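Working through the structure, step by step
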Protein chains: 2
Amino acid sequence: MRKILIIGAGKSSSYLIKYLLDKSESENLQITIGDIDVENAKKLVGEHTNVNIIHLDVFKAESRTEAIQNSDIVVSMLPARFHIEVAKDCVKHKKHMVTASYVSKKIEALDAEVKANNLVFMNEIGVDPGIDHMSAMQVIDRIRDHGGKMIMFETFTGGLVAPESDDNLWNYKFTWNPRNVVLAGQGGAAKFLQENQFKYIPYGRLFRRTEFLDIEGYGRFEGYANRDSLKYQHVYGLDHAKTLYRGTMRRVGFSRAWNVFVQLGMTDDSYTIDDSANMSYRDFVNAFLPYSPTDSVELKFRHALKIDQDDIVWDKFLELDLFNHDKMVGLDKATPAEILQKILMDSWTLDKEDKDMIVMYHKFGYEIEGEKRQIDATMVVVGEDQTYTAMAKTVGLPVAMATLDILNGKIKTPGVQIPISKEVYTPILEELETYGVKFNEKKVPYLGYNPLNL
Amino acid sequence: MRKILIIGAGKSSSYLIKYLLDKSESENLQITIGDIDVENAKKLVGEHTNVNIIHLDVFKAESRTEAIQNSDIVVSMLPARFHIEVAKDCVKHKKHMVTASYVSKKIEALDAEVKANNLVFMNEIGVDPGIDHMSAMQVIDRIRDHGGKMIMFETFTGGLVAPESDDNLWNYKFTWNPRNVVLAGQGGAAKFLQENQFKYIPYGRLFRRTEFLDIEGYGRFEGYANRDSLKYQHVYGLDHAKTLYRGTMRRVGFSRAWNVFVQLGMTDDSYTIDDSANMSYRDFVNAFLPYSPTDSVELKFRHALKIDQDDIVWDKFLELDLFNHDKMVGLDKATPAEILQKILMDSWTLDKEDKDMIVMYHKFGYEIEGEKRQIDATMVVVGEDQTYTAMAKTVGLPVAMATLDILNGKIKTPGVQIPISKEVYTPILEELETYGVKFNEKKVPYLGYNPLNL
């Protein structure tokens with residue numbers, strides 16, 4: 001029996017556990033799930049054998065070490081900041097490790113030891129980061145193998161509500177951490193590269209500098225820039241690319257409306273409002289508008305943002321019940337961002353029957369035989385229900401597959417790594433297709449940033 | 001002879017030194033000016049006797065302590081962060097101290113010792129802070145002495161160019177630290193109180209939420225909110241006031257144009273641009289606009305901010321030569337704010353003949369005998385030349401007067417303090433009038449924030 005230890009069985013582990021349990025007979029797997037709260041794991045496992053669930057507090061060294069010693073490979077689904085405790089034990093006891101999180105400096109620093117012990121520490125193998133790395137590198141490598149030269153790479157990912165559950169004016173519901181959505185884009189200007197020019201967008205303009213993206217069968221989306229589009233320039237081998245852009249996808253119109261919150265200061269998380277508990281939603285909005293003894297909050301709001309009464313954006317705010325006198329914030333000394341999050345959760349929380357959706361869009365621009373060409377690749381995954389979500393699927397399946405591939409020696413190059421090598425992405429992308437996680441590639445005319453072809 | 005030590009003889013010390021030298025015979029003063037660079041002091045002093053200039057490095061304890069021991073009172077005109085070294089010596093050797101700077105926590109912490117030694121440590125006795133405190137408290141105390149109850153206090157100050165030197169479209173030149181002007185309003189939402197409601201303005205809206213202020217003979221100004229309007233609420237005794245607002249004055253139209261820089265991200269000081277040295281002004285502007293192979297930087301700029309070609313705001317940017325291909329930034333790895341500052345200094349540096357101007361506007365709203373009333377008080381001071389500036393006058397004269405008043409026992413209440421008591425402001429405001437620094441008071445109908453009186 002090969003022994004897999006999964007630490008942390010939260011929201012995104014349903015598919016991960018199901019995949020490994022389904023393979024446990026054929027692949028001879030003994031699975032242990034350790035969590036500080038074992039209830040969720042119990043629900044996910046059901047009546048399955050080949051699995052045991054243990055109480056595991058990652059900060060209690062003894063039980064953690066014992067569980068790790070007793071495994072062949074460790075999957076950490078903990079919040080990213082907790083991985084390092086697990087990673088150190090894995091090095092010490094010579095166990096492979098898999099996470100879906102960004103490589104932290106602390107984890108990176110273990111690389112030499114990991115290599116010396118011939119171990120694989122695979123990170124960023126969820127959806128974003130994860131599937132984006134693998135699917136992008138597969139196309140980039142193929143272009144290069146054919147003698148092409150990359151000149152442009154753009155990539156967008158979005159966690160959205162599925163079309164069949166998309167029933168509000170924002171075309172949006174919270175399918176992941178709402179706080180991250182409210183704070184998205186804060187903390188500095190977005191930086192990217194367009195035709196060899198560095199471009200900067202401040203937070204106040206971020207949601208007005210979108211671009212449109214069409215996905216066949218799913219309609220039109222929009223993308224706004226992530227903070228650092230140059231993060232993977234070097235590791236992807238794109239040092240000479242002229243255009244690099246990483247973005248987040250929303251349905252068209254979301255950003256224009258969201259920008260109103262940004263402009264008014266309602267996404268600010270840097271100060272608290274003293275008497276927030278006793279504010280109504282209307283009072284909260286009014287705190288960002290000038291005082292008037294006569295004008296309504298509605299009119300001040302529309303005037304400040306120059307919103308016409310018959311503009312659809314206005315209906316979006318009405319839908320959120322933003323001007324309600326009676327609904328109370330009820331949060332003590334909360335920041336504007338915390339209050340806004342609460343108001344949005346009234347409207348944007350998934351209903352029981354709702355399904356989520358992950359969308360991804362890559363654009364690859366390249367030169368071959370003196371000609372400029374472009375490939376667009378898109379992926380759409382829709383969730384099954386609120387346990388087997390698209391998010392859990394696209395995060396959990398690659399993690400699970402990488403885990404098995406490491407055990408089976410398909411992935412064997414040692415070191416702290418992310419899934420950008422053929423050894424890693426080839427088997428995983430192939431297998432993901434059998435689960436419906438697949439990219440639709442299309443050759444399109446290369447337009448770059450010259451859409452009118454002038 | 002009474003011995004006054006002035007540490008730091010920079011830009012704002014011309015009037016301070018002149019005042020004390022003029023009084024040195026009649027008041028029997030021996031003045032010592034200590035600076036790390038004695039040249040400026042030499043120029044200011046000229047052939048005058050009763051004064052000696054010494055080289056003084058505030059961080060060299062020995063010479064600092066010797067100079068302080070050898071004086072009766074110390075005036076520190078150093079940058080605010082250096083006062084503490086001087087202050088500690090003053091406590092130790094039992095000398096009074098005067099500064100025009102905000103009271104830091106470290107200075108505040110000396111209060112008990114200062115009182116125990118019967119010393120006066122007077123701070124914030126320049127113009128803003130300084131003249132604003134004194135002139136406001138004089139009116140507030142008078143209203144209260146007559147049985148009135150304060151319900152509103154608004155105060156605005158601006159350092160501007162004098163009307164006779166006002167020859168650009170922005171009606172603005174740098175009369176003080178340009179960096180502070182570029183960064184003004186950053187670092188968090190502005191907070192103030194309007195009719196008992198807390199109001200918050202994020203940086204991105206700050207320059208669009210101005211109010212107009214008219215000063216007889218000087219025309220119309222505008223004011224935008226300072227970050228914390230509630231700072232002096234308690235010390236002014238305004239705990240029950242319904243409206244509190246502190247702002248900065250500019251000529252009308254400045255803020256609307258400045259807001260364009262804010263929106264584009266050109267005032268950001270949080271990151272550096274790698275190749276800034278080799279950028280033209282035009283390249284710099286273009287870094288904040290989308291790439292286009294065809295559209296001009298000018299059109300992209302106007303489109304992004306929705307500026308019509310015949311809008312006066314557009315001419316303001318042309319006047320700055322913002323779109324020049326040939327003028328180079330020439331600053332290595334500079335922040336956007338640093339680059340913008342350089343561009344502005346081309347246009348907004350005072351010419352040799354230019355004069356500056358300090359303007360101040362207070363609004364006092366109060367209730368008396370069941371009636372609501374309002375007093376508006378305004379002050380305008382115009383500089384004489386680039387040495388005897390309005391800034392140096394309004395900072396230096398109150399500092400000098402307070403120094404003499406302390407020596408003469410007119411100001412005697414001990415402690416670390418700011419000029420808000422009658423003992424302090426009465427003689428100083430009276431004397432300032434003889435120098436042309438005076439307020440014009442006017443009774444106006446109380447409108448509060450109900451200008452249409454609905």
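Our subject in this report is the structure included herewith. (Residues numbered from 1 in each chain as written. Chains lettered and ligands numbered in written order. Predicted model: local features only at pLDDT ≥ 70, side-chain atom pairs only at ≥ 80, totals over all residues. Heavy atoms only, no water.)

Side note on the interface of chain B and chain A
- Each side of the interface is counted separately: chain B has 30 residues, and chain A has 30 residues.
- Looking only at chain B, the three residues that lose the most surface to chain A are B:Tyr200, B:Arg205 and B:Tyr291, adding up to 26% of its buried area.
- Taken together, chain B and chain A are joined by zero salt bridges.
- At the junction of chain B with chain A, the criterion picks out 14 residue pairs in polar contact (both at pLDDT 80 or more).
- Of all the secondary structure elements, the ones that give two or more residues to the side of chain B that touches chain A are β9 (197-201), α9 (203-206), α10 (254-264) and α12 (297-305) of chain B.
- When residues of the side of chain B that touches chain A are assigned to their parent elements, the largest contribution, four residues, is made by β9(B). (Contact = heavy atoms within 4.5 Å. Buried area = accessible area lost by both parts, 1.4 Å probe. Salt bridge = Lys/Arg side-chain N within 4 Å of Asp/Glu carboxyl O. Polar contact = N/O pair within 3.5 Å; in protein donor to acceptor, adjacent residues only side chain to side chain. Helix = DSSP H or I, 4+ residues; strand = E, 2+ residues; numbered from the N terminus.)

Notes on the sheet that holds strand β5 (residues 96-99) of chain B
Residue and element names in this part refer to chain B.
- In spatial order, the strands read β3-β2-β1-β4-β5-β6-β15; together these seven strands make up an open sheet with parallel pairing. On the outer flanks of this sheet lie β3 (51-55) and β15 (415-417), each paired with one strand and no other. Strand after strand, the sheet turns through a mean of 15 degrees between neighbouring axes, direction not considered.
- Sheet topology note: the strand β4 (residues 73-76)/β5 ladder contains four bridges and is parallel. Bridge pairing links isoleucine 73 to histidine 96 in β5. (Pairing = 2+ DSSP bridges. Axes fitted to C-alpha atoms, helices over the stretch in contact; angles between N-to-C directions.)

A word on the side chain of A:Ser14
- Tracing the sequence through the fold places A:Ser14 in helix α1 (residues 14-22).
- Those residues within four positions of A:Ser14 in sequence are excluded, and the remaining contacts are A:Leu44, A:Thr387, A:Tyr388 and A:Ala392.

Comments concerning the pairing of strand β11 (residues 219-225) of chain A
- The buried fraction of β11(A) is high, at five of seven residues.
- Where strand β10 (residues 211-215) of chain A folds back on β11(A), the antiparallel hairpin that results is connected by three residues, among which A:Gly217 adopts a positive phi of roughly 85 degrees. (Buried < 20%, exposed > 50% of the residue type's maximum accessible area, 1.4 Å probe, protein only.)

Focus on the nonpolar core
- Among the nonpolar cores identified, the biggest contains 73 residues, and A:Ile6 and A:Phe364 are the most heavily contacted of them.
- In terms of residue count, helix α15 (residues 390-407) of chain A provides more of this core than any other element does, twelve residues in total.
- Inspection of this core shows a minimum of three residues originating in each of domain 1 (2-123) and domain 2 (131-257 + 352-390 + 437-444) of chain A.
- If near-sequence neighbours (up to four positions away) are discounted, A:Phe364 is found in contact with A:Ser135, A:Ala136, A:Val139, A:Ile140, A:Ile143, A:Met150, A:Met152, A:Phe153, A:Arg373, A:Gln374, A:Ile375 and A:Ala377.
- Counting residues in hydrophobic clusters, the runner-up holds 71 residues, among them B:Ile31, B:Ile73, B:Phe153 and B:Leu238. (Core = buried A, V, L, I, M, F, W, Y, C linked by side-chain atoms within 4.5 Å. Domains from an automatic or database assignment.)

Regarding the packing of helix α10 (residues 254-264) of chain A against helix α13 (residues 312-319) of chain A
All names here are of chain A.
- At a minimum axis separation of 10 Å, α10 and α13 run at an interaxial angle of 60 degrees. Comparing the axis directions of α10 and α13 gives the class oblique. The handedness of the crossing between α10 and α13 is right-handed. Touching Phe254, Arg256, Ala257, Val260 and Phe261 of α10 are Val313, Lys316 and Phe317, all from α13.
- Of the residues belonging to the contact of α10 with α13, the class tally is six nonpolar, no polar and two charged. (Parallel < 35°, antiparallel > 145°, perpendicular 65-115°, else oblique. Left-handed = near helix turned anticlockwise from the far one by under 90°. Nonpolar A, V, L, I, M, F, W, Y, C, P; charged D, E, K, R; others polar.)

Some details on the pattern of salt bridges
All names here are of chain B.
- Under the counting rule described, the total for this entry stands at 47 salt bridges over all chains.
- Across the pair arginine 142 and glutamate 441 runs a salt bridge whose closest N-O atoms are separated by 2.5 Å. Pair noted here: arginine 142 is in helix α7 (residues 131-145) and glutamate 441 is in strand β16 (residues 440-445), with a separation of 299 residues, a long-range link.

Bear in mind that shape data such as this cannot, by itself, settle questions of function.
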